[in-house]
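Read off the chains here:
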Amino acid sequence: MKIYDGKYILIGLLVFGVLATFPIWLDHGKVIAPADPSLNTPVIDAMMQKHCILPKAQMITEHMKLLNVWRTEVVRDGKRLYVAPDGRKYEMSLETECFRCHSNKAQFCDRCHNFAGLDKATDPYCFSCHVVPSEKKPGAGAVAVVPKEGK
Amino acid sequence: MGIKFSLAAVVGLILAAYIGVTGAGFYHFFGVTMPYLAIILFLGGVAYRVLNWGRSPVPFRIPTTAGQQKSLPWVKHAKYDNPSTKGQTFVRMALEVLLFRSLFRNTKFEAEEGHRLYYQQEKWLWLAALTFHYCFLVILLRHLRFFTLPVPSFVQGLDRLDGFFQVGLPGIYITDGLFVLAVTYLIIRRLVIPQVRYISLPQDYFPLFLLLAIATTGILTRYIYKVDLIKVKTLAMGLISFHPVVPAGIGTIFFIHFFLVCTLFAYFPFSKLMHAGGIFLSPTRNLPNDNRIRRHVNPWNYPVKVHTYAQYEDHFREKMVEAGLPVDKELEEAPSAPAE
């Protein structure tokens, strides 16, 4: 079988083949660690009946939507009370409510966010304003400690 | 008929994935078998088609000459519309592949009220086509975040740029909207312009409906019927590391999206979508117009014994001079070096 201009065609095909399978070469031989977010914090361990604001499966897929709604309600409407479908009441606050239990951002939030390939510095952009309470260090910077009434 | 058939085919594919996953529970088939099958068909099919094209000899230059060819020095040469060197042809190809230059020249021919016929520029097709292709590229590259760990910074950068407006969470992507708009335009164009509709076949509608269905299911997966992204990425990483696992509990909408994408990849080499490879092998685009500059020898010519005019004249010069016929070289100068 004669291929005319075979030099160009074969080089082109080779480049295409490598580009099309690029992730295989990039990830070749790497051990992919599962995301494995940790739920072991003192507050959660102490809970008799472990529950989050919504059922677990829903929290996994919907937490970003929920937080976005909370932000809108708090910042724009000044509402701070959230009533979950099961009747429990929560304060709409990432720092005081979410982090009360999930005080381990590095082992909880970051694990999945990194695994999903979000850019740590900018995405999710929650933490360009918020800080993790447990990571507040005295004297680390005045910016970090903003009075809550200021919102 | 073409529309109904294509629409039915796409709906059939969606139903097949829906019933296959929720009813029959063929998770392994839709999560592992299909993607492997699709990628083998895709890569193998593309290679087959391209090599098959490569078997056709192109003995003579046949570029479309969309401008003045290289001529006398005072005649302005349209370098990229009628290239005469490889370099100019490369620029022409780049303009064609990256900017769809020939589509930009699209005109339409219409009869005005009365009997006047006129040509008019028609850029909408070019705009929609360019938007569609570039959005598709960005979407494809964005999806690399499911197939790489750690994710390359250019993918994250692209993601950030695409989600620039930060509307909602997860953020709306600009390309998602533009992609749907562009594909919708391409479908409507086919349906509304009578001439285009007349020449449209099922294989013209099917890819459009398929792409629209892929975009729609993708958007639904991201914003409405959300699925567990970590499980999806586990599935994707398993596939490319050849240790496939299908984590339990991924939403059906993901499998529909995934199945449609697999169908697109498997269908690609055997359809008009192969224009992606075909554009590079188009003799009317990728050849320099140097028919009169270089000698092109037909590759399957058998050796022909030739007798050039110079040889002919050498042979018969004396007789020609005797008969009073004009000769290039006179008798006395003939034995010396060839004349200018």
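These figures come from a predicted structure and were not determined experimentally.

What counts, and at which threshold
Residues numbered from 1 in each chain as written. Chains lettered and ligands numbered in written order. Predicted model: local features only at pLDDT ≥ 70, side-chain atom pairs only at ≥ 80, totals over all residues. Heavy atoms only, no water. Salt bridge = Lys/Arg side-chain N within 4 Å of Asp/Glu carboxyl O. Buried < 20%, exposed > 50% of the residue type's maximum accessible area, 1.4 Å probe, protein only. Contact = heavy atoms within 4.5 Å. Buried area = accessible area lost by both parts, 1.4 Å probe. Polar contact = N/O pair within 3.5 Å; in protein donor to acceptor, adjacent residues only side chain to side chain. Helix = DSSP H or I, 4+ residues; strand = E, 2+ residues; numbered from the N terminus. Nonpolar A, V, L, I, M, F, W, Y, C, P; charged D, E, K, R; others polar. Axes fitted to C-alpha atoms, helices over the stretch in contact; angles between N-to-C directions. Parallel < 35°, antiparallel > 145°, perpendicular 65-115°, else oblique. Left-handed = near helix turned anticlockwise from the far one by under 90°.

1. Some thoughts on the pattern of salt bridges
Here is step 1: Throughout the structure, instances matching the rule amount to 18 salt bridges over all chains.
Here is step 2: With a shortest N-O distance of 3.3 Å, K105 of chain A and D110 of chain A are connected by a salt bridge.
Here is step 3: Residue classification places K105 of chain A among the buried positions, given a relative accessible area of 14%.
Here is step 4: Overall, D110 of chain A belongs to the buried group, its relative accessible area being 10%.
Here is step 5: A salt bridge links D228 of chain B to K231 of chain B; the shortest N-O distance between them is 4.0 Å.
Here is step 6: Given a relative accessible area of 27%, K231 of chain B falls into the partly exposed group.

2. Re the interface of chain A and chain B
Here is step 1: Opposite the 35 residues of chain A that make contact, chain B presents 40 residues.
Here is step 2: Carbon and sulfur atoms make up 71% of the area that chain A and chain B hide from each other, which totals about 3300 Å².
Here is step 3: When the buried area of chain A at its contact with chain B is split by residue, Y4, F115 and Y125 of chain A rank highest and sum to 18% of it.
Here is step 4: Applying the counting rule to chain A against chain B returns 0 salt bridges.
Here is step 5: Inspection of the chain A/chain B interface yields 9 residue pairs in polar contact (both at pLDDT 80 or more).
Here is step 6: Secondary structure elements with two or more residues in the side of chain A that touches chain B: α1 (6-20), α2 (22-27), α4 (56-77) and α6 (109-115) of chain A.
Here is step 7: Of the residues in the side of chain A that touches chain B, the class split is 22 nonpolar, 6 polar and 7 charged.

3. Section: the packing of helix α1 (residues 2-23) of chain B against helix α11 (residues 252-267) of chain B
Helix packing geometry: the angle between the two helix axes and the distance between the axes.
All names here are of chain B.
Here is step 1: One way to put it is that α1 packs onto α11 with a least axis distance of 9 Å and a crossing angle of 135 degrees. With respect to α11, the element α1 is oriented oblique. Relative to α11, α1 is oriented so that their crossing is right-handed. Contacts between α1 and α11 involve L13, I14, A16, A17, Y18, V21 and T22 on the former and, on the latter, T252, F255, I256, F259, L260 and T263.
Here is step 2: Residues that form the contact of α1 with α11 fall into these classes: 10 nonpolar, 3 polar and no charged.

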